[in-house]
Each structure stands twice: as C-alpha cells, then as structure tokens.
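# Overview (structure and organization)
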Amino acid sequence: SVTTLKSLLTTTLRITTTDNRVFIGSFMGTDQLLNIILVNTEEHILGNDSSRFVGQIMLPWRLVLHVE
C-alpha cells in the first residue's frame, strides 16, 4: 500500500537480483511499473569480494529476487 511505501522512504534496503548482484542503498520510491529507485547505492557481486559505488539507480521489478 501507499502508506507502507511512504514508511520505507530513505530506509536502507538490500536488494538481490536474478543476476547474482546485491544493491545496498536508500529507497527513494517506485514508478508505475514498480521499478525501484535507490540513491547512494553500492553494487556487490555475490561470490566476489569486489564492490563499487553506483549512485542513483533504478532496478526493474522483474529482476528483483529479494528485498531486505
């Protein structure tokens, strides 16, 4: 619901995608298609110790496996 999404604004989320990447960033909202917008985001690849700062990103909902 809208109230639940509003309560999550600026919360740090950890999102795992179908291509074994993990994005950790601050939730800023969604669009009509439920794509997730994160800011101040770091990208980590599962099974690899590397990470990189990617800033503001939009994750397509169809790629999301898990949100914590």
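If you walk across this open sheet you meet the 5 strands as β4-β3-β2-β1-β5, and the pairing is antiparallel. Strand pairing shows two members of the sheet lacking a second neighbour, β4 (51-59) and β5 (64-67), which therefore form its edges. Neighbour-to-neighbour, the strand axes of the sheet open up by a mean angle of 30°, direction not taken into account. As judged from the 7 bridges shared by strand β3 (residues 36-45) and β4, these two strands associate in the antiparallel manner. Within β4, the residue paired with E43 across the bridge is R52.

Rules used in this analysis
- Residues numbered from 1 in each chain as written.
- Predicted model: local features only at pLDDT ≥ 70, side-chain atom pairs only at ≥ 80, totals over all residues.
- Heavy atoms only, no water.
- Pairing = 2+ DSSP bridges.
- Helix = DSSP H or I, 4+ residues; strand = E, 2+ residues; numbered from the N terminus.
- Axes fitted to C-alpha atoms, helices over the stretch in contact; angles between N-to-C directions.

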